[in-house]
Amino acid sequence: RLHPFHIDALLIYSDYLRMHSVGDAAEMVELAMLCLERVLLKEGLYLWSPSLQLPYAPGANRTLHLALLRHLQYLTRRGCYRTALELSKLALRLDPSDPVG
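None of the values given here were measured: they were computed from a predicted structure.

Here's the deal with the pattern of salt bridges
Summed over all chains, the structure comprises 5 salt bridges. Residues E30 and R78 are paired through a salt bridge, measuring 2.8 Å at the closest nitrogen-oxygen approach. On the criterion of sequence distance, the pair formed by E30 in helix α2 (residues 25-42) and R78 in helix α3 (residues 59-78) is long-range, its members being 48 residues apart. In this structure R78 comes out as partly exposed when scored by relative accessible area, which is 46%. A salt bridge links K89 to E86; the shortest N-O distance between them is 3.5 Å. You can see K89 and its partner E86 sitting in helix α4 (residues 81-94), 3 residues apart, about one turn around the helix. Classification of K89 as partly exposed rests on a relative accessible area of 43%. Note on E86: relative accessible area 28%, which makes it partly exposed. Salt bridges linked by common partners bring D15, R18 and R70 together as one network.

Calculation rules
- Numbering of residues starts from 1 in every chain and runs along the sequence as written.
- At least 70 in pLDDT is required for a residue's local features to be given in this predicted model, at least 80 for side-chain atom pairs to be given and counted, and no such filter applies to totals for whole chains, interfaces and linings, which use all residues.
- Only hydrogens and water are set aside; all other atoms, that is, all heavy atoms of the structure, feed into the side-chain values.
- Any carboxyl oxygen of Asp or Glu within 4 Å of a side-chain nitrogen of Lys or Arg constitutes a salt bridge here.
- Counting from the N terminus, the helices are the DSSP runs of H or I reaching at least four residues and the strands are the DSSP runs of E reaching at least two.
- Three exposure classes are used, based on accessible area relative to the maximum for each residue type with a 1.4 Å probe and protein chains only: buried under 20%, partly exposed in between, and exposed over 50%.

Honestly, that's just the spatial picture; any functional story needs more than this.
What follows is the structure, encoded as structure tokens:
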């Protein structure tokens, strides 16, 4: 409750909601993606810029890659295949070695 925009906590809470079959799990991942995008914009980086590369190795970047993966999973469950394809292209551009599969 003290830190509603803590990204790792949002992802863990999303897993908890998914395990208990509560419908808000995807919303927590979307909120985490919103927070990540706002942090990148604050640093002067734009997530969709073609020159941006964020390798998986640094700890802060792992959160971004895991949030992208979970967001992709929820998008495919909803049937938003085109959006999931574009996000997977983004994930591959961020780190071409495809660390999260």
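Here the narrative resumes.
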